Amino acid sequence: MVYVDPLHRYLVYTFRSGLTQYHGRNKSDLLLRLATEVISHYKPIGEERHYGYSDHPFVEWRDFLLHRMKESEKIIQDVLPPEDHRFVHTLVAGSPPRNIKYLLHGDCGVHNFVFAENGTLTGIIDPDPVVGEPLYDLIYAFCSSPDRLTVDTILPALEKLGPEMTGEYELNREVLLGLYFRIATCIRHHPEDLDQYTEAWTYWLNRIR
């Protein structure tokens, strides 16, 4: 970080050379590098800060997830059956209070990643800061492209995050929530990927039921 405008209208950070096109290669290595070189260096913040966005705070992390779920449900509608929507409600309601607060990137997807020519991750741009659990950024990155959405792709990266960043979590539940949010984004911005996301949804749903 070089400079932050006192009125928080903009910030300046060092230039990262590279490409912003993700070509779907080495996704597991990409997530591993993200976990070890970026997310594992996040710092916890004070108890006085609420979860969520600075202009839309929530007392509990679960409340932030509930807000995202309701917004996503409006978009997804009958793309998923009613019982799947009800199941997501159950997942959010059952999210345990973990009291894990970190300042996250918030828009940690491949569309904001900078790569070297060999595909190595060299930088992440355009944050949309959120106070929450670091696992959110990792799963956001995992779900941000429709390729390789399997458990073996994300597990090596997850193992690099300590319990202070993850608490007691259930991977299938966390990924299903991330996929639910991503399916809504997919419908709005890149519907051509929807079939791959719904296939991944079925894969993770079968893992938890």
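Residues numbered from 1 in each chain as written. Predicted model: local features only at pLDDT ≥ 70, side-chain atom pairs only at ≥ 80, totals over all residues. Heavy atoms only, no water.

### Here's the deal with the overall build of the protein
Stage number 1. From N to C terminus, the protein includes eight helices and eight strands.
Stage number 2. Its C-alpha atoms give the protein a radius of gyration of 17 Å, within 12% of the compact-globule value 17 Å for 209 residues.
Stage number 3. With the principal axes as the frame, the protein shows a C-alpha extent of 50 × 40 × 30 Å.
Stage number 4. In the protein, the share of contacts with a sequence separation of at least 24, taken over all contacts with a separation of at least 6, comes to 74%.
Stage number 5. Of the charged side chains in the protein, 21 are positive and 30 negative; the average position of the first set lies 2 Å away from that of the second. (Helix = DSSP H or I, 4+ residues; strand = E, 2+ residues; numbered from the N terminus. Rg over C-alpha atoms; globule rule 2.2 N^0.38 Å. Contact = heavy atoms within 4.5 Å. Lys, Arg positive; Asp, Glu negative; His and termini not counted. Charge placed at Lys NZ, Arg CZ, Asp CG, Glu CD.)

### Quick notes on the side chain of histidine 105
Stage number 1. Looking at the element boundaries, histidine 105 is found in the loop between strand 5 (102-104) and strand 6 (113-115).
Stage number 2. Using a relative accessible area of 11% as the deciding quantity, one classes histidine 105 as buried.
Stage number 3. Setting aside residues up to four positions removed in sequence, histidine 105 forms contacts with Tyr42, Asn112, Ile124, Ile125, Asp126, Pro127, Asp128, Pro129 and Asp137. (Buried < 20%, exposed > 50% of the residue type's maximum accessible area, 1.4 Å probe, protein only.)

### Describing helix 3 (residues 82-93)
Stage number 1. With 12 residues, helix 3 ought to run about 16 Å at 1.5 Å a step, and its terminal C-alpha atoms sit 17 Å apart, in line with that.
Stage number 2. Those residues of helix 3 lying buried are Asp84, His85, Phe87, Val88, Leu91 and Val92. Taken end-on, helix 3 shows its buried residues confined to a sector of 160°, consistent with a single buried face. Exposed side of helix 3, more than 90 degrees from the buried face: Pro82, Arg86, Thr90 and Ala93 are the residues found there.
Stage number 3. Packed against the buried residues of helix 3 are helix 2 (61-76), helix 7 (171-189) and helix 8 (194-208). (Expected span 1.5 Å × (residues − 1). Arc of directions from axis to C-beta.)

### Remarks on the packing of helix 3 against helix 8
Stage number 1. Direction vectors running N to C along helix 3 and helix 8 enclose 55°, while the axes themselves pass 13 Å from each other. Between helix 3 and helix 8, the angle falls in the class oblique. Pair helix 3 / helix 8 crosses with left-handed handedness. Residue-level contacts link Asp84, Phe87, Val88 and Leu91 of helix 3 to Trp201, Leu205 and Ile208 of helix 8. (Axes fitted to C-alpha atoms, helices over the stretch in contact; angles between N-to-C directions. Parallel < 35°, antiparallel > 145°, perpendicular 65-115°, else oblique. Left-handed = near helix turned anticlockwise from the far one by under 90°.)

### Section: unusual backbone geometry
Stage number 1. Within the chain, glutamine 77 stands out as a residue other than glycine whose phi angle is a positive 45°.
Stage number 2. Position of glutamine 77 among the secondary structure elements: in the loop between helix 2 and helix 3.
Stage number 3. Phi at asparagine 99 is positive, roughly 50°, even though this residue is not glycine.

### Quick look at the pattern of salt bridges
Stage number 1. Summed over all chains, the structure comprises eight salt bridges.
Stage number 2. Taking the shortest distance from any N to any O, the salt bridge between glutamate 174 and arginine 98 comes out at 2.9 Å. In this pair, glutamate 174 sits in helix 7 while arginine 98 sits in the loop between helix 3 and strand 5, placing the two residues 76 residues apart along the sequence. With respect to burial, glutamate 174 and arginine 98 carry one shared label: buried.
Stage number 3. Residue arginine 148 is joined to aspartate 147 by a salt bridge in which the shortest nitrogen-to-oxygen separation is 3.2 Å.
Stage number 4. The exposure class of aspartate 147 is buried, given its relative accessible area of 14%.
Stage number 5. Counted as one network, the salt bridges with shared partners bring together Lys27, Asp147 and Arg148. (Salt bridge = Lys/Arg side-chain N within 4 Å of Asp/Glu carboxyl O.)

### Some thoughts on helix 5 (residues 151-158)
Stage number 1. Taken together, the buried positions of helix 5 are Val151, Thr153, Ile154, Ala157 and Leu158. With its buried residues spanning 155° around the axis, helix 5 presents them on a single face.
Stage number 2. Where helix 5 is buried, its residues meet helix 1 (27-37), helix 4 (134-143), helix 7 and helix 8.

### Details of the nonpolar core
Stage number 1. One finds Phe113, Leu138, Leu179 and Trp201 to be the most contacted residues of the largest nonpolar core, which totals 60 residues.
Stage number 2. The dominant element in this core, judged by the number of residues it contributes, is helix 7, at 10 residues.
Stage number 3. If we ignore the near neighbours within four places in the chain, the residues touching leucine 138 are Leu31, Leu34, Ile39, Ile154, Ala157, Leu158 and Leu161. (Core = buried A, V, L, I, M, F, W, Y, C linked by side-chain atoms within 4.5 Å.)

### A short note on a nonpolar patch on the surface
Stage number 1. A surface patch of nonpolar side chains, amounting to about 370 Å² of accessible area, comprises Met1, Val4, Leu11 and Tyr13.
Stage number 2. Checked against the element boundaries, tyrosine 13 lands in the loop between strand 2 (11-12) and helix 1. (Patch = residues over 30% accessible without salt bridge, like charges linked within 9 Å, V, L, I, M, F, W, Y side chains within 5 Å. Areas by Shrake-Rupley, 256 points an atom, 1.4 Å probe, with all protein chains shown as cover.)

### Remarks on the environment of leucine 194
Stage number 1. By the element assignment, leucine 194 lies in helix 8.
Stage number 2. Between the C-alpha atom of leucine 194 and that of isoleucine 39, which follows or precedes it by 155 residues, the distance is 28 Å.
Stage number 3. Leaving out residues up to four positions away in the same chain, leucine 194 has contacts with Val79, Ile183, Cys186 and Ile187.

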